[in-house]
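# Fold and contact review
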Amino acid sequence: GDSTSYSINIFLQYSTIFGKANIPINKSAKIKIPQPPELEIVEIKWKKIRFKSIHAVAKIKVINYSEVTLAVKDMRYSMKILKQGNLKGSYSEPINIKPKSITFVNLPLEINVNNIGKTIFEVLINKDSYDYTLTLNAILESTDPLKESFHIDLTKNGKMELKK
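Report on the accompanying structure. (Residues numbered from 1 in each chain as written. Predicted model: local features only at pLDDT ≥ 70, side-chain atom pairs only at ≥ 80, totals over all residues. Heavy atoms only, no water.)

Okay, the overall build of the protein next. Helix and strand content of the protein: one helix and ten strands. Of the regular secondary structure in the protein, the N- to C-terminal order runs β-β-β-β-β-β-β-β-α-β-β. Its C-alpha atoms give the protein a radius of gyration of 24 Å, clearly above 15 Å, the size a compact globule of 164 residues would have. Counting only C-alpha atoms and orienting by the principal axes, one finds that the protein spans roughly 95 × 25 × 25 Å. Burial analysis of the protein (164 residues in total) assigns 32% to the buried set. Across the protein, contacts joining residues at least 24 apart in sequence account for 65% of those joining residues at least 6 apart. (Helix = DSSP H or I, 4+ residues; strand = E, 2+ residues; numbered from the N terminus. Rg over C-alpha atoms; globule rule 2.2 N^0.38 Å. Buried < 20%, exposed > 50% of the residue type's maximum accessible area, 1.4 Å probe, protein only. Contact = heavy atoms within 4.5 Å.)

Right, here's the structure in full:
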């Protein structure tokens, strides 16, 4: 799973008037190692339509399979939407995910579309299923038993639909 074992074997050697002596000291334990969380785009709902962009909210499902509490911090993301456009953004609020649990996060998006008229028409006639590639960079921090930080880079491909 998400842990590893370690073992330390040392000898304490000392001298007295009676001679030398060795005391063996052995220590073994397990260290929990966090796994990166899994991301899934549940839905993307548009809020406002601008001249060259669509303001939307992406509902992201974050799954923590680890035995440790995770905090996702300083998240930066970008998305390429096939034949539509792209976006970039950041999310500065820490996302805390309890061990073996699921958390939902709403990310604000500003999608810079290539052809706004065509995109609006496709949404209205329900032909708005698009392939995407989501890239996410963040700091993943474990809180048990030690506070360790890791840089994570996740890439997710899938199909999305812009919902009203």
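Our focus in this paragraph is the pattern of salt bridges. For the structure on display, the rule yields two salt bridges. For Lys100, the salt bridge goes to Glu67, with nearest N and O atoms at 3.6 Å. With a gap of 33 residues between them, Lys100 in the loop between strand E7 (95-97) and strand E8 (101-113) and Glu67 in the loop between strand E4 (53-64) and strand E5 (70-81) connect regions that are remote in the sequence. Judged by relative accessible area, which is 40%, Glu67 ranks as partly exposed. Notably, a salt bridge pairs Glu141 with Lys73, separated by 3.1 Å at the nearest N-O pair. On the criterion of sequence distance, the pair formed by Glu141 in strand E9 (residues 129-142) and Lys73 in strand E5 is long-range, its members being 68 residues apart. A relative accessible area of 10% places Glu141 in the buried class. (Salt bridge = Lys/Arg side-chain N within 4 Å of Asp/Glu carboxyl O.)

Moving on, we get to the pairing of strand E3 (residues 38-49). Sheet topology places E3 next to E4; ten bridges connect them, and they run antiparallel. In the sheet register, Trp46 faces E4, and the bridge partner there is Ala56. If you look at the hairpin formed by E3 and E4, you'll find three residues sitting between the two strands. (Pairing = 2+ DSSP bridges.)

Turning next to the environment of Glu148. Structurally, Glu148 can be placed in strand E10 (residues 148-163). With relative accessibility at 38%, the residue Glu148 sits in the partly exposed group. Distance from Glu148 to Leu70, taken between C-alpha atoms, is 9.8 Å for residues 78 residues apart in sequence. Leaving out residues up to four positions away in the same chain, Glu148 has contacts with Leu140, Glu141 and Ser142.

Moving on, we come to the environment of Lys118. Its place among the elements puts Lys118 in helix H1 (residues 116-124). Remark: the alpha-carbon pair of Lys118 and Asp128, spanning ten residues in sequence, is separated by 9.9 Å.

Purely geometric stuff here, so don't read any function into it on its own.
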